[in-house]
Structures are given as structure tokens and as C-alpha cells.
Amino acid sequence: MTGAPDAGPADGPAGVPGYRSDLLDALVRVMGLWTGGDLMSTIARRAGVDLDAPAIVVMTVLWRHGPRRPSDVAEHLSTGASNVSKILGRLEARGLVERRPDPDDARASRVHLMPAGVDVARRFVEGGDLLVDELLAGWDVADRHALAGLLRRFEAATEDHLRRS
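What you are looking at is a predicted structure, and each value in this text was computed from that prediction instead of being measured.

Cut-offs and rules
- Residues numbered from 1 in each chain as written.
- Predicted model: local features only at pLDDT ≥ 70, side-chain atom pairs only at ≥ 80, totals over all residues.
- Heavy atoms only, no water.
- Axes fitted to C-alpha atoms, helices over the stretch in contact; angles between N-to-C directions.
- Helix = DSSP H or I, 4+ residues; strand = E, 2+ residues; numbered from the N terminus.
- Parallel < 35°, antiparallel > 145°, perpendicular 65-115°, else oblique.
- Contact = heavy atoms within 4.5 Å.
- Nonpolar A, V, L, I, M, F, W, Y, C, P; charged D, E, K, R; others polar.
- 1 Å grid on protein atoms, 1.4 Å probe; cavity = no way out; pocket = protein on both sides within 12 Å on 5 of 7 lines; lining within 4 Å.
- Points joined across faces, edges and corners; volume = space filled by probe spheres on them.
- Pairing = 2+ DSSP bridges.
- Salt bridge = Lys/Arg side-chain N within 4 Å of Asp/Glu carboxyl O.
- Buried < 20%, exposed > 50% of the residue type's maximum accessible area, 1.4 Å probe, protein only.
- Polar contact = N/O pair within 3.5 Å; in protein donor to acceptor, adjacent residues only side chain to side chain.

Visitor: How should the packing of helix H1 (residues 22-35) against helix H2 (residues 37-46) be read in this particular structure?
Guide: When two helices pack together, their arrangement is given by the angle between the helix axes and by the axis-to-axis distance. The interhelical angle for the contact between H1 and H2, taken along N-to-C directions, is 50°, at an axis separation of 4 Å. One way to sum up the angle between H1 and H2 is to call them oblique. Between H1, through Leu 33, Trp 34 and Thr 35, and H2, the contact on the second element is made entirely by Gly 37, Leu 39, Met 40 and Ile 43. Class assignment for the residues of the contact of H1 with H2 results in five nonpolar, two polar and no charged.

Here it is in C-alpha cells:
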């Protein structure tokens, strides 16, 4: 066989340019699916969570990373402060989050999950875990561990690259 072992399709579906690397192409597609509104809404519905995709992302960011300034949430979502402010307003109105003064800067606030928000985030994350179990049904345990280990290794290499950049 000639060429790089990870050489992949030149075009994606319907002639959309693809990546040369099968790995990068697969990662982009999987990330798109898992961060897209359709899959998030499906997981949320199955978990009994009545939130739109942007609100779910905010909840999971706070669940994973703890209290954050609204500007940090906006940066994580790659969106503007006004969009995050609207999302936070909806979540506050439902008693899921609360803005509190930032102990490091009296001019700023941090968004905290309220107990009801913790419950919603937990149910959504558990719903994602259940979906992964469904998707990997039929995979043997060694393959599941290998996939997780390789992805963690790739994540660490990516984080290391970002630290050096």
C-alpha cells in the first residue's frame, strides 16, 4: 500500500470537502454529531430534561467545570456575551442557575448551578452515558477500553500541544 496509512476520502457527503486524515474526518464528524442540537435534544428528552441545546451546553459546562463567569461560558460556547446572558436568564427563571458575586473581582459575577440545576445536569450526563452504552452494545470490553484509552491519549497530546503553542 502506498501513501499515508491514515489517508482518507478527499470529499465528504454530497461533495463536501473532507479531511485527508481518516482520523480527523471521523473526529470532526463525531464532534459535530455529539455537539449538535439533534443528538443533545434526543438525550435530553430521554433523560426527562426540558432544555434547548444551548442551555444544555451551559449546564454541562457548569457541571464539569464549576462556577464560571458569564464571559468564560461565552468563550467556551464560542458565542457572544449577549447570547449567554439570554440563556442564563432562562436558566435563572427556572431556578437552575444563580449569579453570585465573584470573590476575586467585585465587579464580576460567577454562575453557579442550583440544586435543581445539579439534578438536571446529572440526568443529562447520565443520559449521555446510557446512549454510549447503547452505541457500543456488541463491542467487547477490550475494544471499549482501547477506544477510551486512545481518545484520552489523543486528548492529552492535544492539550500538551495547546500548552506549548
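Visitor: So what exactly am I meant to see when it comes to the layout of surface pockets here?
Guide: Using a probe with the size of a water molecule, rolled over the atoms, empty space left in the structure can be pinpointed. Space inside the largest pocket adds up to approximately 2,200 Å³. For the largest pocket, the lining is made up of 44 residues, of which Val 30, Met 31, Trp 34, Thr 35 and Arg 64 are closest to its centre. Residue assignment for the lining of the largest pocket shows that the elements contributing at least two residues are H1, H2, helix H3 (53-65), helix H4 (70-77), helix H6 (115-135) and helix H7 (141-164). Classifying every residue of the lining of the largest pocket by side-chain character gives 30 nonpolar, seven polar and seven charged.

Visitor: Please explain the pairing of strand S2 (residues 105-113) as it appears in this structure.
Guide: On a regular strand, each side chain points to the face opposite its neighbour's, so the side chains alternate between the two faces of the sheet. Bridge count between strand S1 (residues 97-102) and S2: six bridges; the pairing is antiparallel. Residue Val 97 lies in a different strand from S2, and its bridge partner there is Leu 113. Between S1 and S2, which follow one another and run antiparallel, lie two residues.

Visitor: Please explain the pattern of salt bridges as it appears in this structure.
Guide: Pairing between side chains becomes possible if they bear opposite charge and their charged atoms approach one another. Inspection of every chain in the model, using the stated rule, returns 16 salt bridges. Note that Asp 102 is salt-bridged to Arg 69, the shortest N-O span being 2.6 Å. Taken together, the residues span a long stretch of sequence, with Asp 102 in strand S1 and Arg 69 in the loop between H3 and H4 at a distance of 33 residues. A relative accessible area of 26% means that Arg 69 is categorised as partly exposed. The shortest N-O distance in the salt bridge between Asp 119 and Arg 122 comes to 2.3 Å. Of the two residues, Asp 119 and Arg 122 both sit in helix H6, three residues apart, roughly one turn of that helix.

Visitor: Sorry if this is basic, but what is going on with the side chain of Asp 102 here?
Guide: Judged by relative accessible area, which is 3%, Asp 102 ranks as buried. A distance of 2.8 Å separates the side chain of Asp 102 from the backbone nitrogen of Asp 104, its partner in a polar contact. When near neighbours in sequence (up to four residues on either side) are disregarded, Asp 102 contacts Arg 69, Ala 108, Ser 109 and Arg 110.

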